[in-house]
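# Close look at the chain arrangement
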Amino acid sequence: MNNRMTVHRDGKAIYDIVMEGSYDRLGREVAALSVENRKLCIVSDSHVAPLYGEEVMAQLKPVCSHVDLFVFPAGEEHKNLDTVRQLYEFLIQNHYDRGDMLVALGGGVVGDLCGFTAATYLRGIRFIQIPTTLLSQVDSSIGGKTGVDFDAYKNMVGAFHMPSLVYISVSSLLTLSDEQFACGMGEIIKHGLIKDAGYYQWLLEHADAIRKRNLTVCAEMIQVSNRIKRNVVEADPTEQGERALLNFGHTLGHAIEKLMDFQLLHGQCVALGCAAAAYLSAMRGFIPMEEAERIKEAFGAFKLPVSIKGMNLSIPEILAATKSDKKMDSGVIKFILLRTVGEAYIDRTVTEQEMTESLAWLLGGQDGQ
Ligand SMILES: NC(=O)c1ccc[n+]([C@@H]2O[C@H](COP(=O)([O-])OP(=O)(O)OC[C@H]3O[C@@H](n4cnc5c(N)ncnc54)[C@H](O)[C@@H]3O)[C@@H](O)[C@H]2O)c1
Ligand SMILES: [Zn+2]
């Protein structure tokens, strides 16, 4: 298995995604980015820094002039401009200049915040991604979307800023909670559903090994998902069209996430949104109804929720929250549907009635009754 993949833009190589079983080759990879006279600031959170901070620091120290570690409290509630401000302050006080580099060590929260700071500090400095959650390894670290939340508005402030390297150590998955691991699976199953039926099937066949976090199987899975995400972002780096397919399950998913006041994790809401979107695709006659049921079960097999029963959510409030989402395009909801398993498309004609029916199906519980 080749453990390196290159991401291009306009035919030009921009950065590599490197996957390893440990951090042992990190120093070598970073050295290749010409940092010998540069300062590096590792940005991490309070959960990840104690786990991997020292190891990563030891890899980086020999290849650059100086390494700092900036740690902020873990959690989405710290992905905001206050934390960015503290990081700017730290960088200024420690005389970081345009040639220096940031290193995001953590999940999507760290990657988004560190990437946004790198995009804006001194009008942009380089950064690398060391994603440590499954979700960040297959999704948020690739594609250059960075940003922070503003009050209750998720990812409201941001920038496109490409990393110089994405370095994945698969073994970091071993310290992840079951819930966080499952969240990554939500996006991974989504990749199969929108782009690759064979991969979707493979995931189901390897469900047991994946749940047990067999690292060989997980490595293969991450690579396939990386390739899918890479191909989509290469085709549409700034989300003018094709990239929107990655939002499969996110229209209703985001609405549920917002209404649950972020008590359900993103990947869990995405799973619910994907199931609803599959049901809608079945209502349109694209896939058999039994297929929509099987898709719902597939998420369940990876310990993701498949019903909104008992969550104290009403269909009208989910619809209202959907309408206020960013995915609205001049007042029309951009919905991603499946033409078939492995092929998604953007639909702008989904009606409230259809959304109501798919949500009613989700309210029906495990068996969809
Ligand atoms: N930029 C993008 O394209 C993009 C795409 C999807 C999601 N996102 C963003 O990503 C964020 C979600 O990312 P996430 O799910 O990685 O959440 P996260 O970064 O909050 O990580 C989840 C939890 O796991 C902990 N953690 C991380 N790695 C660990 C490890 N190896 N072992 C033990 N604990 C670990 C973290 O400290 C945190 O408590 C959201 O803010 C979302 O908006 C961005
Ligand atoms: Zn997502």
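Description of the structure in this document.

Definitions and limits used
- Residues numbered from 1 in each chain as written.
- Chains lettered and ligands numbered in written order.
- Predicted model: local features only at pLDDT ≥ 70, side-chain atom pairs only at ≥ 80, totals over all residues.
- Helix = DSSP H or I, 4+ residues; strand = E, 2+ residues; numbered from the N terminus.
- Rg over C-alpha atoms; globule rule 2.2 N^0.38 Å.
- Buried ≥ 20, exposed ≤ 12 C-beta atoms within 10 Å, placed from the backbone.
- Contact = placed C-beta atoms within 7 Å.
- Pairing = 2+ DSSP bridges.
- Right-handed = clockwise from strand over helix to strand, strands pointing away.
- Near = placed C-beta within 6 Å.
- Domains from an automatic or database assignment.
- Axes fitted to C-alpha atoms, helices over the stretch in contact; angles between N-to-C directions.
- Parallel < 35°, antiparallel > 145°, perpendicular 65-115°, else oblique.
- Left-handed = near helix turned anticlockwise from the far one by under 90°.

Each helix and strand in the protein chain was counted, giving 14 helices and 13 strands. Taken against the 2.2 N^0.38 rule, which gives 21 Å for 369 residues, the C-alpha radius of gyration of the protein chain at 20 Å falls within 12% of a compact globule. Seen along its three principal axes, the alpha-carbon backbone of the protein chain occupies a region of about 60 × 40 × 40 Å. When burial is assessed residue by residue, the protein chain has 47% of its 369 residues classed as buried. In the protein chain, the proportion of contacts linking residues at least 24 apart, taken out of those at least 6 apart, comes to 74%.

Let's shift gears to the pairing of strand β6 (residues 126-131). Most of β6 is tucked away: six of the six residues are buried. Residues Arg126, Ile128 and Ile130 line one face of β6 and the alternating positions Phe127, Gln129 and Pro131 line the opposite face, and both faces are buried. Pairing between strand β5 (residues 101-106) and β6: six bridges, direction parallel. Looking at the pairing, Ala104 lines up with Gln129 of β6. In this region the chain leaves β5, passes through helix α4 (residues 108-120) and returns to the parallel neighbour β6; the handedness of that crossover is right-handed. Pairing geometry for β6 and strand β9 (residues 165-169), over two bridges, is parallel. Paired with Ile128 across the bridge in β9 is Leu165.

By nearness alone, 28 residues border ligand 1, and His47, Gly107, Gly108, Thr133 and Ser140 come closest of all. Those elements that provide at least two residues to the shell around ligand 1 are α2 (48-60), α4, α5 (134-140) and α6 (178-195). Of the residues that make up the shell around ligand 1, three or more belong to each of domain 1 (4-175) and domain 2 (178-363).

Attention shifts here to the packing of helix α3 (residues 81-93) against α4. The geometry of α3 relative to α4 is characterised by a closest axis approach of 10 Å and an angle of 55 degrees between their N-to-C directions. The orientation of α3 with respect to α4, classified from their angle, is oblique. Both α3 and α4 take part in a crossing whose hand is right-handed. In this structure, α3 uses Thr83, Val84, Leu87 and Tyr88 to contact α4, whose residues at the interface are Leu113, Phe116 and Thr117.

With that settled, consider the pairing of strand β1 (residues 4-9). Note that β1 and strand β2 (residues 12-20) share six bridges and pair antiparallel. Bridge pairing in β2 links Met5 to Ile17. The turn joining β1 and β2, which pair antiparallel and follow one another in sequence, is formed by two residues; a positive phi near 50 degrees is taken by Asp10.

Don't take any of this as a statement about function, it's just geometry.
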